[in-house]
Amino acid sequence: MGIFNLKNQFLPAASRDKSCLLHWEITSRCDLHCKFCYRGTDIPADELSYEDCLKVLDSYREFALSNNLSASLIFTGGDPFLRNDFLDILKVADEYRRSGGLADFTILANPTLIDRAMARRLKALGAPRLQLSIDGLEAAHDALRQPGSFRQTINALRCLKSEGVGTSVKSTLCRLNARDLVDVIRLMMTEGTNSFQFSQLVLFGDAKNLQDERLAPAEYRRILMDVINLLDTVPVQYDRLKYSVLSAEHLFIRLFYELGRPADCRKLIESHRLIPACGKGFSFSVLPDGTVRARRFIPEKIGQAPRDSFQEIYDSSGLVRSLETGAYIGQKKAQFEKCRNCPVVDYCGNMMADSYAASENPHAPNPMCWVE
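Residues numbered from 1 in each chain as written. Predicted model: local features only at pLDDT ≥ 70, side-chain atom pairs only at ≥ 80, totals over all residues. Heavy atoms only, no water.

Chemist: Any chance you could explain the nonpolar core here in plain terms?
Modeler: Note that soluble globular proteins tend to have their nonpolar side chains buried in a common cluster. Core analysis: the largest hydrophobic core is formed by 99 residues, its most contacted members being Trp24, Phe75 and Phe284. Top element by residues in this core is helix H8 (residues 217–231). It accounts for eight residues. Once residues lying within four places of it in the same chain are set aside, the contact partners of Phe284 are Leu21, Leu22, His23, Tyr60, Phe63, Val292, Arg293, Ala294, Phe310, Ile313, Tyr314 and Val320. Phe36, Leu144, Leu201 and Ala207 belong to the second-largest nonpolar core, a separate cluster that totals six residues. (Core = buried A, V, L, I, M, F, W, Y, C linked by side-chain atoms within 4.5 Å. Buried < 20%, exposed > 50% of the residue type's maximum accessible area, 1.4 Å probe, protein only. Helix = DSSP H or I, 4+ residues; strand = E, 2+ residues; numbered from the N terminus. Contact = heavy atoms within 4.5 Å.)

Chemist: I tried to follow the environment of Asp232 on my own but got confused; where do I start?
Modeler: Assignment of secondary structure puts Asp232 in the loop between H8 and helix H9 (239–247). By relative accessible area, Asp232 is classed as partly exposed at 42%. Each C-alpha atom of the pair Asp232 and Lys242 lies 9.1 Å from the other, and the pair is ten residues apart in sequence.

Chemist: What is the right way to look at the sheet that holds strand S5 (residues 167–173) in this model?
Modeler: Strand pairing in a sheet is mediated by backbone hydrogen bonds. Such pairs are either parallel or antiparallel. Taken in spatial order, the nine strands line up as S6-S5-S4-S3-S2-S1-S7-S8-S9 in an open sheet, and their pairing is mixed. Both edges of this open sheet fall to strand S6 (195–200) and strand S9 (298–304), since each of them pairs with a single strand only. Put simply, the sheet's adjacent strands are angled 25° from each other on average, direction ignored. By the bridge criterion, six bridges tie S5 to S6 in an arrangement that is parallel. Of the residues in S6, the one forming a bridge with Thr172 is Ser199. Together, strand S1 (19–25), strand S2 (70–76) and strand S7 (282–286) form the strand contacts of helix H2 (residues 50–66), whose direction differs from that of S1 by roughly 170°. (Pairing = 2+ DSSP bridges. Axes fitted to C-alpha atoms, helices over the stretch in contact; angles between N-to-C directions.)

Chemist: Would you take a moment to explain the packing of helix H3 (residues 86–99) against helix H4 (residues 116–124) for this structure?
Modeler: How two helices sit against one another is set out by the angle between their axes and by the gap between those axes. One can describe the packing of H3 onto H4 by two numbers: an axis separation of 10 Å at closest approach and a directional angle of 30°. On the basis of the axis angle, H3 is roughly parallel to H4. Counted together, Leu87, Leu90 and Arg98 of H3 and Met118, Arg121, Leu122 and Ala124 of H4 form the full contact between these two elements. (Parallel < 35°, antiparallel > 145°, perpendicular 65-115°, else oblique.)

Chemist: Can you walk me through the side chain of Arg83 in this structure?
Modeler: When you line up the elements, Arg83 lands in the loop between S2 and H3. On the accessibility criterion, Arg83 (5% relative accessible area) is buried. Within the structure, the side chain of Arg83 is placed 3.0 Å from the backbone oxygen of Leu48, a separation counted as a polar contact. Once residues within four sequence positions are removed from consideration, Arg83 is found in contact with Ile26, Thr27, Arg29, Glu47, Leu48, Ser49, Tyr50, Cys53 and Ile89. (Polar contact = N/O pair within 3.5 Å; in protein donor to acceptor, adjacent residues only side chain to side chain.)

Chemist: Explanation requested: empty space enclosed by the protein in the structure shown.
Modeler: Empty space among the atoms becomes apparent when a probe as large as a water molecule is rolled across them. By the definition in use, this model includes one cavity of 30 Å³ or more. Considering only enclosed or pocket space, the largest cavity measures out at about 140 Å³ in volume. Forming the walls of the largest cavity are 16 residues, and the residues nearest its centre are Leu251, Cys339, Cys342, Cys348 and Cys369. At the level of secondary structure, the elements contributing two or more residues to the lining of the largest cavity comprise helix H10 (251–258) and helix H15 (337–340). A total of three residues in the lining of the largest cavity trace back to one element, the largest contributor, which is H10. Residues belonging to the lining of the largest cavity are distributed by class as follows: eleven nonpolar, two polar and three charged. (1 Å grid on protein atoms, 1.4 Å probe; cavity = no way out; pocket = protein on both sides within 12 Å on 5 of 7 lines; lining within 4 Å. Points joined across faces, edges and corners; volume = space filled by probe spheres on them. Nonpolar A, V, L, I, M, F, W, Y, C, P; charged D, E, K, R; others polar.)

Chemist: Mind showing me how you'd approach the pairing of strand S4 (residues 129–133) here?
Modeler: Each regular strand shows side chains that alternate between the opposite faces of the sheet. As defined by bridge partners, strand S3 (residues 104–108) adjoins S4 across three bridges and the pair is classed as parallel. Following the sheet pairing, Ile107 is matched in S4 by Leu130. A crossover links S3 with its parallel partner S4, the connecting element being H4, and its sense is right-handed. (Right-handed = clockwise from strand over helix to strand, strands pointing away.)

Chemist: Would you explain helix H11 (residues 262–270) in this entry?
Modeler: What sets the pattern is the α-helix's 3.6 residues per turn: residues three or four places apart point alike. All buried positions along H11 are accounted for by Asp264, Cys265, Leu268 and Ile269. Taken end-on, H11 shows its buried residues confined to a sector of 135°, consistent with a single buried face. (Arc of directions from axis to C-beta.)

Chemist: Please clarify how the pattern of salt bridges should be interpreted in this entry.
Modeler: Summed over all chains, the structure comprises 20 salt bridges. For Arg221, the salt bridge goes to Glu258, with nearest N and O atoms at 2.9 Å. Highlighted residues: Arg221 in helix H8 and Glu258 in helix H10, separated in sequence by 37 residues. With relative accessibility at 26%, the residue Arg221 sits in the partly exposed group. (Salt bridge = Lys/Arg side-chain N within 4 Å of Asp/Glu carboxyl O.)

Chemist: How do you make sense of H9 when you look at a structure like this?
Modeler: For H9, the tally of buried residues reaches seven of nine residues, placing the bulk of the element in the interior. Taken together, the buried positions of H9 are Leu241, Lys242, Tyr243, Ser244, Val245, Leu246 and Ser247. On its buried face, H9 is in contact with helix H7 (181–191), S6, H8, H10 and H11.

Structure below.
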């Protein structure tokens, strides 16, 4: 069965449980100096108080419960661990998770404060998954972040693993580190990382100055082919990591289609991350001072937390609702000639940030798509 026969096989998403995501930059404080920092100059230094953070958590939980949504939460920054009250906030989040108010939560952090003692404390708080960044092998990673950061990250991953805390690793791909990608995936297998994802450099924040580091679409396609060639050879025990790599980049569906591999297309389309384009639901992004956006990289303010509840924000924001369904996203993308006749347009939406950075239109064609 070809991909054309698959296009509507898994829609509408309404037949499945819907989800929502809160991407919360809980602080702007950071102890690294990354060349492509997405924070730039638009992230406020002001932070919500501990009491207001609890109000944000409670508002998000109430929104999810009232709308029967599976709610996920990502804590990030800056480095969340630089807030002295962060573990107390995590304790409340874990209580909500245990009571059914949250499905799961993840921490995106720096490695500098992660040791065995911190890993044990995280284990006691429900062992939330912790995501760290490895942007190439040691030379490239340290050049992009800061000297010594690569070894700190590997040590942090090992501490977390030793205490039974799930780990995820993310890479931001650019010219400096693209040649390392396959070796980094091999390294993640060796280290026993639960999940690995990569994405292209988005020209946002400080990264606006790195235009020359952006890969061309044809180069990006060759890199994706290198990844496929590697993953085709890995033993079955790495399947979990393998599909974390493939499902995070929607252009793999387009590439499998071009390669005449419909079974691989089906497997990715069935994955929970790809039904529909940006997921089964929608997301909110909250900045350190409580500013609410529909996406971190779409700078339109849609509310102010905790003053505005998430229910009020959802009800009043057409932008949030427009990003909710893959069918709608596919329709918007199909207005562009490049996307109009693409058989996988309904499953191409995870780089809205990149599209917005390039054209100020989140539904514009993915700038990394090589299709003419």
